[in-house]
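Descriptive structure summary
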Amino acid sequence: MLIGELTAAGVDNRFDGLPAHLECAVREDERHEYLFLLNHDAEAPVAVPVESGTDLLTGRPASGEITVPPLGAAVIRRARRS
C-alpha cells in the first residue's frame, strides 16, 4: 500500500527492478550523493544503472552501468541531485 501511495505522490523508486539480494542505500551531504550497493548473492553478479560518478572502492569512473560482483560492493559518489 505504501508503495502505491508514494508512486501516486510522484516519488520515484530509483531501485525498481533490481534484485532483492542487492542492498541499496543513499546518503547525502551538502555536495555529494553516495550510493552504497551490496550484493548478498554468492553466485550472481548484478548490473546496476548509475549516473556519472566515481566508485570510491576502486577509484574508477562509474557511468551508465556498473557490475557488482557476487558478495561484492560498490560505493558511488556523484554530484548531489538538485
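Everything here concerns the structure above.
Residues numbered from 1 in each chain as written. Predicted model: local features only at pLDDT ≥ 70, side-chain atom pairs only at ≥ 80, totals over all residues. Heavy atoms only, no water.

1. A word on unusual backbone geometry
Cut-off, in case you're wondering: By the criteria applied, helices consist of DSSP H or I runs no shorter than four residues and strands consist of E runs no shorter than two, each listed in order from the N terminus. Burial status follows relative accessibility: with a 1.4 Å probe on protein chains alone, a residue under 20% of its type maximum counts as buried, one over 50% as exposed, and anything between as partly exposed.
The phi torsion at Leu71 lies on the positive side, around 55°, for a residue other than glycine. Relative to the helices and strands, Leu71 is located in the loop between strand E4 (61-68) and strand E5 (73-79). Residue class for Leu71 comes out exposed when judged on its relative accessible area of 60%.

2. Here we look at the sheet that holds E5
Put simply, the test is: One requirement defines pairing of two strands: DSSP has to find at least two bridges between them. Fitted lines through C-alpha atoms give the axes, limited to the stretch in contact for helices. The angle between two N-to-C directions lies from 0 to 180 degrees.
The strand order across the open sheet formed by five strands is E1-E2-E5-E3-E4, and the pairing between neighbours is antiparallel. Both outer strands of the open sheet, strand E1 (22-28) and E4, are each paired with one neighbouring strand and no more. Sheet twist, expressed as the mean angle between neighbouring strand axes with direction ignored, is 25°. Relative to E5, strand E3 (residues 46-55) runs antiparallel, the two being bridged by two bridges. Looking at the pairing, Asp55 lines up with Ile76 of E5.

3. Structural notes on the pattern of salt bridges
What counts, and what does not: A pairing counts as a salt bridge when a side-chain nitrogen of Lys or Arg comes within 4 Å of a carboxyl oxygen of Asp or Glu.
If you walk through the whole model with that rule in mind, you get two salt bridges. Among the salt bridges present, the one from Glu28 reaches Arg80, with a minimum N-O distance of 3.2 Å. In this pair, Glu28 sits in strand E1 while Arg80 sits in the segment after E5, placing the two residues 52 residues apart along the sequence. For Arg80, a relative accessible area of 39% translates into the label partly exposed. Among the salt bridges present, the one from Arg78 reaches Glu33, with a minimum N-O distance of 2.6 Å. Note that Arg78 is positioned in strand E5 and Glu33 in strand E2 (residues 32-39), a separation of 45 residues in sequence. Glu33 sits in the buried class, given a relative accessible area of 0%.

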